[in-house]
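# Residue-level structure breakdown
Single-letter residue listing:
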Amino acid sequence: GPKDAMETIFNNTSNEPLGPKVCVGAGTGLGECYLTQSVHDNKGGGGGAYSCFPSEGGHVEFPPLNDLEVELFAYLSQKLASKGRISVERVVSG
C-alpha cells in the first residue's frame, strides 16, 4: 500500500507529529506539496486532518553535484536542447 512506498530521507531530523509534512511524487511530472495541521478539522486542530499546499517545486533547475550528475546533465542538455533548460522534473519524471 501507500505507506509501504513511503521513505524517510532525512534520518537525523526530529519527527514532530504536529509539524509540517512534505510530499514528493514522481510520475509523468514531479508533484510536490506540503501539509500542515488543519485548524478546520472537526476537533479544532490536532485531530489528524491536514491542509495541503501544492507547489511548483519540480520546476527548479537541476544542479549537478558530482561527476555522474554532470554527465547526466550534459546528456540531457543535448537531448532536451529545444527545451532551453533542465529542471528536476525533467530528470526524474517520464
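One can find the structure itself at the top, above this paragraph.
Residues numbered from 1 in each chain as written. Predicted model: local features only at pLDDT ≥ 70, side-chain atom pairs only at ≥ 80, totals over all residues. Heavy atoms only, no water.

### Some remarks on helix 2 (residues 67-79)
The cut-off we apply is this: Under the scheme used here, helices are H or I runs from DSSP no shorter than 4 residues and strands are E runs no shorter than 2 residues, and both carry numbers assigned from the N terminus. By definition here, a helix of n residues has an expected span of 1.5 Å times n minus one. Counted as a polar contact is a pair of N or O atoms within 3.5 Å, where, for protein atoms, one must be capable of donating a hydrogen and the other of accepting one, and residues adjacent in sequence contribute only when both atoms are in side chains.
Between its first and last C-alpha atoms helix 2 spans 18 Å; for 13 residues at 1.5 Å apiece the expected length is 18 Å, and the two agree. The backbone nitrogen of L68 has a side-chain oxygen 3.1 Å away, supplied by the residue at the start of helix 2, namely N66.

### With respect to the sheet that holds strand 3 (residues 50-55)
Note the following rule: Criterion used throughout: strands pair if DSSP finds at least two bridges between them. Inter-axis angles, ranging from 0 to 180 degrees, are taken between N-to-C directions of lines fitted to C-alpha atoms, where helices are fitted over the stretch in contact.
In space, the three strands of this open sheet follow the order 1-2-3, with antiparallel pairing throughout. Among the strands making up the open sheet, the edge pair consists of strand 1 (21-26) and strand 3. Along the sheet, successive strands turn relative to each other by an average axial angle of 25°, direction set aside. In this structure, strand 1 lies alongside strand 2 (residues 30-37), joined through six bridges in antiparallel fashion. Note on strand 2: the bridge partner recorded for G25 is G31.

### Quick notes on a nonpolar patch on the surface
Put simply, the test is: Only residues whose relative accessible area exceeds 30% and that form no salt bridge enter a patch; like-charged residues are grouped when within 9 Å of one another, and nonpolar side chains (Val, Leu, Ile, Met, Phe, Trp, Tyr) when within 5 Å. Here the Shrake-Rupley method, with its probe set to 1.4 Å, supplies the accessible areas, and only the displayed protein chains count as covering residues. The term salt bridge refers to a side-chain nitrogen of Lys or Arg lying within 4 Å of a carboxyl oxygen of Asp or Glu. Partly exposed describes any residue whose relative accessible area lies between the buried limit of under 20% and the exposed limit of over 50%, with all areas from a 1.4 Å probe on protein chains only and scaled to the type maximum.
Together, V22, V24, Y34 and F53 give the surface a local cluster of nonpolar side chains, amounting to about 410 Å² of exposed area. When you line up the elements, Y34 lands in strand 2. Y34 sits in the partly exposed class, given a relative accessible area of 40%.

All quantities given are derived from atomic positions and should not be read as evidence of function.
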